[in-house]
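These are the residues of each chain, in order.
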Amino acid sequence: MTSADMEAPQAAPMNYYYLWHLTALGVIDADYGSPPIVPPSENETAARPVPDPEIGGNVWDTIEAAGSIHPARVALIDVGIAPDHPNLATRLDREASIDLTSHRYGSRIAEILDATTSFDREEKQAFFAGLDIAPLGNLGLSNDDREYLDDIVAEYAASQGVVRRLFHPESLFASHGTCCAGLIAGEPAVATQDGGPSALPEGVFYGDDGTPCPSANRNVLPYFGVDPFSRVISIRTSFEDDVLQFIAAFLYAYHQRVDVIVLPRGLPDPKRSRVIPKNELKADLERWKNQIAADLFARISLAEQGGTELEPKAPQKGSNPDRAWHILKQLIVAISHHIPIVCAAGNSGESQLIYPANLAADDNGIIAVGAVTVEGYRSGYSNYGEGLTVVSPSDDGEVFNRHQLRVDRLSPFAAQHDHEAFGLREYRYSHFSLLTTDLPGAFGYDRGADPWSSMVPSAANPGIGGGYYTTFGGTSGASAQVGGICALIQRAHKTQKNGGDARLSGPSVKSILQSTARLDAMVAPGIRALTADCMNADGEDALDMSYFFGFGLPDVPAAIAAVLSP
């Protein structure tokens, strides 16, 4: 491909199979045909143009053939999940989900009855009754910090939240969580009779609940998450720097004895979430050609010191503002020894992970997940570096810095810039994205068609306006998929033990994931094996592959076989 060819805008991106990410992980066995004899160069696409591959088996059938179905329970700590989405109708555990943003001790929305009025009192309910963290041990805390945590636990164990019969707030503000929930456990929304409600997929596909019929709503797709036979518990939190809501979120997930915890975002810890420039990168700033960047870093550092004006939210003198955040950190690590905790690596392209993904270590069950594209490269935005556990398919991000060029050549703006003038090494940009469930209506990522998309609540929208799906990505989407893989591993273990209470520890699940992942894998339908790139330093791609991809791309069939093997 010549420079002129690359600068000329092309007609349209390649069509691709809508569940391509499941084929890349091996959840679905798909045949995209034989790869070409000559491998593509760095700036040529590695994706095969096969939008309708031949589908073979899947890991869901493999698990079912080993015994009865015991759904895993996945706690999703995010901004909530759309309660009325047809592809999540039977996968969202409404009776266990909780909202920690609108009430200190949790709230839950119940069905609005015919007799319900706006004057009805909230119903009290104890969501944390019986909370006991003794099995977690001392958590590595000092006596004072342990006493501090014990006081919090005692307060929540004796607390009462509320049940409200109101319009569901997650119908408005849960777009990110809805996308992640679909990737984890989205269901095909099939019915057992024409025009009927969604039926349990385990009963329709593996039971005696009748012949599956497509949804009567013409805007609903037969969508599948990584494990459509497990269930999701929504633990709704906000983006405020309220440490107590995050302590409560992890305590609640532990109290519910879930099988997997997914945190597809970072936590706003004022100390641990701060990205500190690495020494080798600081040294690079001393070079004359980087003087502008060095000056910018110096100005940012000065600005972060803040002014001397009164800060109303600052802690009182004599208190330790870091104590609760330190306790949360130790709590996360301790819980991970019992339950795998899947975290997003971050979307800033840094060679270090965001918090709490950067807590991942060999001796705990925290799983840090980065993103890769169908082209075999790290997604342009994906954080990488020490502690990364695995990577998973996602979309891409443009990069234009002094180490690499990765631009969308299909964009009409691409031809307006002379990128070649800088002589940068170019990596192929990927147009593949993750298709997933979206919050229907005006507040989703893809609102659908007006005027129906503006209906509030969206439950009153019969689907005429669409808006049920969107393209998604980031390490949020990658971590959600790995959360679904962990659910598959736990569900396979339950099947093997023939018991719903059976559960592998966090380190055990992580070990299975690591031992079966592959660094030589290709991201189907791509044909390029995982390939390192230079992002933040010259010659960075010569570092060990694990620096960019952890243990590699999960091999789901191999992971399930490892669990089911005697």
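Because the structure is predicted, anything quoted here is derived from the model rather than measured.

Most of strand E3 (residues 73-78) sits inside the fold, with five of its six residues counted as buried. Sheet topology note: the E3/strand E9 (residues 260-263) ladder contains three bridges and is parallel. Residue pairing for E9: Leu-76 is matched across the bridge by Val-262.

Interaxial distance between helix H12 (residues 474-497) and helix H13 (residues 506-516) falls to 10 Å at its minimum, and their mutual angle equals 110 degrees. Classed by the angle they form, the pair H12 and H13 counts as roughly perpendicular. Here Val-482, Ile-485, Cys-486, Ile-489 and Gln-490 of H12 come into contact with H13, specifically with Val-509, Ile-512 and Leu-513.

Burial of E9 is two-sided: the residues Val-260 and Val-262 facing one way and the residues Ile-261 and Leu-263 facing the other way are all buried. Of the pairings in the sheet, the one linking E9 to strand E10 (residues 341-344) comprises three bridges and is parallel in character. If you follow Val-262 over to E10, its bridge partner there is Val-342.

Before going further, it helps to spend a moment on the side chain of Thr-436. Turning to its location among the elements, Thr-436 is positioned in strand E15 (residues 434-437). A distance of 2.7 Å separates the side chain of Thr-436 from the backbone oxygen of Cys-179, its partner in a polar contact. Here the side chain of Thr-436 touches Leu-183 through a polar contact of 3.5 Å, landing on its backbone nitrogen. Each residue touching Thr-436, except ones within four places of it in the same chain, is listed here: Cys-179, Gly-182, Leu-183, Tyr-223, Tyr-468, Tyr-469, Thr-470 and Phe-472.

Residue placement: Lys-510 occurs in helix H13. One buried charged side chain, Lys-510, makes no salt bridge at all; its nearest oppositely charged neighbour is Asp-362, positioned 5.8 Å away. Apart from residues no more than four positions distant in its own chain, Lys-510 is found in contact with Ala-360, Ala-361, Asn-364, Gly-365, Ile-366, Ile-367 and Thr-389.

Thresholds, definitions, all that
Residues numbered from 1 in each chain as written. Predicted model: local features only at pLDDT ≥ 70, side-chain atom pairs only at ≥ 80, totals over all residues. Heavy atoms only, no water. Buried < 20%, exposed > 50% of the residue type's maximum accessible area, 1.4 Å probe, protein only. Helix = DSSP H or I, 4+ residues; strand = E, 2+ residues; numbered from the N terminus. Pairing = 2+ DSSP bridges. Axes fitted to C-alpha atoms, helices over the stretch in contact; angles between N-to-C directions. Parallel < 35°, antiparallel > 145°, perpendicular 65-115°, else oblique. Contact = heavy atoms within 4.5 Å. Polar contact = N/O pair within 3.5 Å; in protein donor to acceptor, adjacent residues only side chain to side chain. Lys, Arg positive; Asp, Glu negative; His and termini not counted. Salt bridge = Lys/Arg side-chain N within 4 Å of Asp/Glu carboxyl O.

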